[in-house]
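The chain contents come next:
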Amino acid sequence: MRALLLVDLQNDFMPGGSLAVADGDAVVDVANGLAPLFPLVVATTDWHPRDHRSFASNHPGRRVGDVVELGGVPQVLWPDHCVQATPGASFHSSLDVAPIGYVVRKGTHRDIDSYSAFFDNDHRSGTGLEAYLRERGVLDVFVMGLATDYCVRATALDAVSLDFGVTLVADGCRAVEMQRGDGERAIAEMRAAGVGVITSEHLLGTPESK
Ligand code: VGL
Ligand code: ZN
């Protein structure tokens, strides 16, 4: 059985949001097109308390982009984003939520970030997603969403380490690109770890065949 993982298709990562990913809203149509092809669709949400330690605003004297240590691992400081139950944490209004069977909330603990849908960044606690997928007999996951160089990357790499078959839907992803090339580097890293990389056409059938 295979599952589609939709990573963080939330307003704050969309153009106009507080941690906007360029062209991020372009992937919503990809998600809507792919979801009906999967028996199980899981969506992740970044779901931070207002005092989350990944926010630069919670570190007086620090700025967005600075790197600190959190839970023993390096932590990039971000603008406030995806605060629990705020409009920025809601799914993009064009996302078809009907096919979504399960929503993972991550980044909920103040003192550690969670890019991955599976584990906090220190890999000490899990989100419950692994057990959820295994109980349903999922062996293969297809991953897409925002952002390629953070939450998509971490989710795909953890899925590989958990021995799921992992495929990245590349046109369903966009990158933050704090440094130019981060998106491409993340894809190379995922590929090297054993992630298959395809485009949505591969699943939908090519438009030329219509
Ligand atoms: C993300 C930075 C901070 C992401 C989440 O969804 O990729 N990036 N929090
Ligand atoms: Zn976050």
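Counting starts from 1 at the beginning of each chain's written sequence and moves along it residue by residue. Chains carry letters and ligands carry numbers; both start at the beginning, A for chains and 1 for ligands, and go up in the order they are written. Totals for whole chains, interfaces and linings use every residue, but because this is a predicted model, local features are given only for residues with pLDDT of at least 70 and side-chain atom pairs only at 80 or more, for both listing and counting. Based on all heavy atoms of the structure, the side-chain values leave hydrogens and waters out of the count.

(A) Expanded view of the overall build of the protein chain. Comment: elements are numbered from the N terminus, with helices defined as DSSP H or I runs of at least four residues and strands as E runs of at least two. Regarding its fold elements, the protein chain presents five helices and eight strands. Listing every helix and strand of the protein chain by position from the N terminus yields β-α-β-β-β-β-α-β-α-β-α-β-α. A globule of 210 residues ought to have a C-alpha radius of gyration of about 17 Å, and the protein chain, at 16 Å, matches this closely. Reported as C-alpha extents along the three principal axes, the dimensions of the protein chain are approximately 55 × 35 × 30 Å. In the protein chain, buried positions account for 50% of the 210 residues. By definition in these notes, contact holds between two residues if any of their heavy atoms fall within 4.5 Å. Long-range pairs, those at least 24 residues apart, make up 73% of the contacts in the protein chain with a sequence separation of at least 6. All accessibility values rest on the Shrake-Rupley procedure with a 1.4 Å probe; residue burial counts only the protein chains present in the view. For the protein chain, the exposed surface amounts to about 9,400 Å²; the carbon and sulfur share of it is 49%. Using C-alpha atoms as the atom set, the radius of gyration is obtained and then compared with a globule rule of 2.2 Å times the number of residues to the power 0.38. Each residue is assigned to one of three classes by its accessible area relative to the maximum for its type, calculated with a 1.4 Å probe on protein chains only: buried under 20%, partly exposed between the two thresholds, exposed over 50%.

(B) How the structure looks around the site of ligand 1. Around ligand 1 sit D8, F13, L19, D46, W78, H81, Y115, L146, A147, Y150 and C151, and those are all the residues in its vicinity. Think of a polar contact as two N or O atoms within 3.5 Å of one another; within protein, one of them needs to be a possible hydrogen donor and the other a possible acceptor, and neighboring residues in sequence only count if both atoms come from side chains. Within the side chain of H81, one N or O atom sits 3.1 Å away from a nitrogen atom of ligand 1. Backbone polar atom of C151 to an oxygen atom of ligand 1: 3.0 Å apart, as the coordinates give it. If ligand 1 stood free it would expose 260 Å²; the protein chains cover 100% of that surface. Nearness is judged by heavy atoms alone; a residue qualifies as near a molecule or strand once a single heavy atom is within 4 Å of it.

(C) Fine view of the layout of surface pockets. Of the pockets and cavities examined, the largest pocket occupies roughly 380 Å³. Secondary structure elements with two or more residues in the lining of the largest pocket: β4 (73-76), α3 (148-161) and α4 (182-193). The residue inventory of the lining of the largest pocket, partitioned by class, reads nine nonpolar, four polar and seven charged. Here a cavity means grid points, on a 1 Å grid over the protein atoms only, where a 1.4 Å probe fits yet cannot get out; a pocket means an open set of points with protein on both sides within 12 Å along at least five of seven lines; lining residues are those with an atom within 4 Å of a point. Grid points are joined across faces, edges and corners, and a volume is the space filled by probe spheres set on the points. Amino acids are sorted into nonpolar (Ala, Val, Leu, Ile, Met, Phe, Trp, Tyr, Cys and Pro), charged (Asp, Glu, Lys and Arg) and polar (every other residue, Gly among them).

(D) Quick look at the pairing of strand β3 (residues 67-70). Of the two faces of β3, the one lined by V68 and L70 is fully buried and the one lined by V67 and E69 carries no buried residue. As judged from the four bridges shared by β3 and β4, these two strands associate in the antiparallel manner. Counterpart to V67 in the pairing with β4 is V76. Any two strands are treated as partners once DSSP identifies two or more bridges connecting them. Adjacent in sequence and paired antiparallel, β3 and β4 are bridged by two residues, among which G71 carries a positive phi angle near 60 degrees.

(E) Structural context of the environment of A186. One can find A186 in helix α4. With relative accessibility at 3%, the residue A186 sits in the buried group. A C-alpha to C-alpha distance of 28 Å links A186 and V97, two positions 89 residues apart in sequence. Not counting residues up to four positions away in its chain, the partners in contact with A186 are T148, D149 and R153.

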